[in-house]
Amino acid sequence: MSATYAAEKQIAMAAVRRACVLTASVFNKLVKQETLTKDDKSPVTVGDYSAQAVINTILGRTFPSDPIVGEEDAAELRGEAGTVLRERIVQLANETLTAPLVDGEKEEWGLGPGHEQTADELLDAIDRGNYEGGRTGRFWTLDPIDGTKGFLRGEQYAVCLALVVDARVELGVMGCPNLPVSAADPTGPRGCIFVAVRGQGAFQLPLDNPLSAAGTRLTIPASTPETLNLLESVEKAHAKLSFNERVAQILGVTRPPTRMDSQAKYCSLARGDGGVYLRMPTGVGYKEKIWDHASGSVLVEEAGGIISDGRGQPLEFGLGRTLGENYGVVGAGKDVHDKVIAAVLKAKSEEETQNL
């Protein structure tokens, strides 16, 4: 009997790997080589749309009845004003879809030479990401370039794809083209894929051949205040870093935080590169998007950690496109998670007292 979600796992890894090849190509061609004049986000726009077109095309071919909650829609590409952008996206997506098969891929997934798509087919594939989510049934959620500023800097970003079934994340795949294979060798080889199926463990695989490699099983190690540090966002707009500093003080953390963009932080936590993922809201009313946390949450849980909001409540993936009223996100090993939540609540109480 085959393992649960075995086909979904293989296809998701193939889709994410191809999208990572595409985004790396976009960086090398557009960010490094071209002078950006009109809009410094244009390479991200090209990469986002193209990667979503590729992944949604593959999912549409292999799981045609599965809806997708994605970040992008193709409205701005359909009019005359979107002609140049559309043509570039069609070219990139088709280059990626028609590249030769690698070990473990199947032509029936819509991959390899001869599988070009028309512009309309690719725009329709992008628009498959318009699903609103919900509490019942199965759907995929996708962030084609998570960590856009990290992407532009040539630092950390991730291609993130997850399968949600009846409001629970069952499968998560993340491709991190710029993440060192080993944190102990930060200048060494880069490029990893992380995958977790609920109940089957969390694994790191090489980006160039994830479908045929054995993979390394990930387990979050036990930590002490001396070994513990925080994994947090580079961008101040994404996390309340001063609040994080106070939490670290309460926990007795002495190591400086590790700051990186994207869900690569979840990958680092799962393999023991940091002790606590901490992302607290920077303003009132902000709701986290499910595609920013779905893949990472199942990876950390399968590596033996706990993911919750800042109050210790489970993350809600069945409320639509956001996590609803979940307050921030905290990820940590089982041995320290309760202590982190207590520190967050203490810091929050202090903050509220100061604001009176």
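It should be noted that the structure appears before, not after, this text.
Residues numbered from 1 in each chain as written. Predicted model: local features only at pLDDT ≥ 70, side-chain atom pairs only at ≥ 80, totals over all residues. Heavy atoms only, no water.

A. Examining the overall build of the protein chain more closely. Assigned secondary structure in the protein chain consists of 10 helices and 12 strands. Against the 2.2 N^0.38 benchmark of 21 Å for 356 residues, the protein chain shows a C-alpha radius of gyration of 20 Å, consistent with a compact globule. Taken along its principal axes, the extent of the C-alpha atoms in the protein chain is 60 × 50 × 45 Å. Sequence-distant contacts in the protein chain: of pairs separated by 6 or more residues, those separated by 24 or more amount to 70%. Just so you have it, the protein chain exposes about 15,300 Å², and 50% of that area is on carbon and sulfur atoms. Of the side chains in the protein chain, 37 bear a positive and 48 a negative charge, and the two mean positions are spaced by 4 Å. (Helix = DSSP H or I, 4+ residues; strand = E, 2+ residues; numbered from the N terminus. Rg over C-alpha atoms; globule rule 2.2 N^0.38 Å. Contact = heavy atoms within 4.5 Å. Areas by Shrake-Rupley, 256 points an atom, 1.4 Å probe, with all protein chains shown as cover. Lys, Arg positive; Asp, Glu negative; His and termini not counted. Charge placed at Lys NZ, Arg CZ, Asp CG, Glu CD.)

B. Representation of the state of the cysteines in the model. Enumeration over the complete set of coordinates arrives at 0 disulfides. Cys267 carries a free sulfur, and the closest cysteine sulfur to it, the one in Cys176, is 3.9 Å from it. (Disulfide = S-S within 2.5 Å.)

C. Local environment of the sheet that holds strand S2 (residues 138-146). Spatial ordering of the open sheet is given by S1-S2-S3-S4-S5-S6-S7, a layout of 7 strands whose pairing is mixed. Single-partner strands in this sheet number two, and they are strand S1 (68-70) and strand S7 (216-217). The pairing of S2 with strand S3 (residues 158-165) spans 7 bridges and is antiparallel. Its bridge partner lying in S3, Arg138 is registered against Val165. (Pairing = 2+ DSSP bridges.)

D. Seen up close, helix H10 (residues 337-354). Compared with the 26 Å implied by 1.5 Å per residue over 18 residues, the 26 Å span of H10 between its first and last C-alpha is a close match. Taken as a whole, H10 has its buried residues at His337, Val340, Ile341, Ala343, Val344, Ala347 and Glu351. End-on view of H10: buried residues confined to an arc of 160°, all on one side of the axis. H10 presents Asp338, Lys339 and Thr353 as exposed residues on the side facing more than 90 degrees away from its buried surface. Those residues of H10 hidden inside the fold are in contact with helix H7 (241-251), strand S10 (276-279), strand S11 (305-308) and strand S12 (329-333). (Expected span 1.5 Å × (residues − 1). Buried < 20%, exposed > 50% of the residue type's maximum accessible area, 1.4 Å probe, protein only. Arc of directions from axis to C-beta.)

E. How the structure looks around the pattern of salt bridges. In total, this model carries 19 salt bridges according to the counting rule given. Arg18 serves as the salt-bridge partner of Glu105, at 2.6 Å between the closest nitrogen and oxygen. Placement of the pair is Glu105 in the loop between helix H4 (83-97) and helix H5 (119-127) and Arg18 in helix H1 (residues 6-31), with a sequence separation of 87 residues. Taking relative accessible area as the criterion, Glu105 reaches 9% and is therefore assigned buried. In this structure Arg18 comes out as buried when scored by relative accessible area, which is 1%. A salt bridge links Arg138 to Asp66; the nearest nitrogen and oxygen atoms lie 2.6 Å apart. With a gap of 72 residues between them, Arg138 in strand S2 and Asp66 in the loop between helix H2 (42-62) and S1 connect regions that are remote in the sequence. Assessed through its relative accessible area of 25%, Arg138 is described here as partly exposed. With relative accessibility at 6%, the residue Asp66 sits in the buried group. Among the ionic contacts, a cluster of salt bridges with common partners joins Glu8, Asp66 and Arg138. (Salt bridge = Lys/Arg side-chain N within 4 Å of Asp/Glu carboxyl O.)

F. Representation of the environment of Met174. Structurally, the position occupied by Met174 is in strand S4 (residues 168-180). Here Met174 falls in the buried class, since its relative accessible area comes to 0%. The spatial distance from the C-alpha of Met174 to the C-alpha of Gly296 is 7.8 Å, given a sequence separation of 122 residues. Sequence-distant contacts of Met174, defined by excluding residues within four places in its chain, comprise Val16, Val159, Cys160, Cys192, Ile193, Phe194, Gln263, Cys267, Ser295, Gly296 and Leu299.

G. Highlighting the nonpolar core. Counting 53 residues, the largest nonpolar core has Ile55, Trp140, Leu161, Leu171 and Val173 as the members making the most contacts within it. Breaking this core down by element, the ones donating at least two residues are H1, H2, H4, H5, S2, S3, S4 and strand S5 (190-197). Among the elements that make up this core, the one with the highest residue count is H1 (12 residues). With near-sequence residues (within four places) excluded, Trp140 lies in contact with Glu8, Ala12, Leu59, Phe63, Asp66, Pro67, Ile68, Val69, Leu161, Ala162, Leu163 and Leu171. Formed by 36 residues, the second largest nonpolar core is a distinct cluster that contains Val164, Cys176, Ala270 and Ile307. (Core = buried A, V, L, I, M, F, W, Y, C linked by side-chain atoms within 4.5 Å.)

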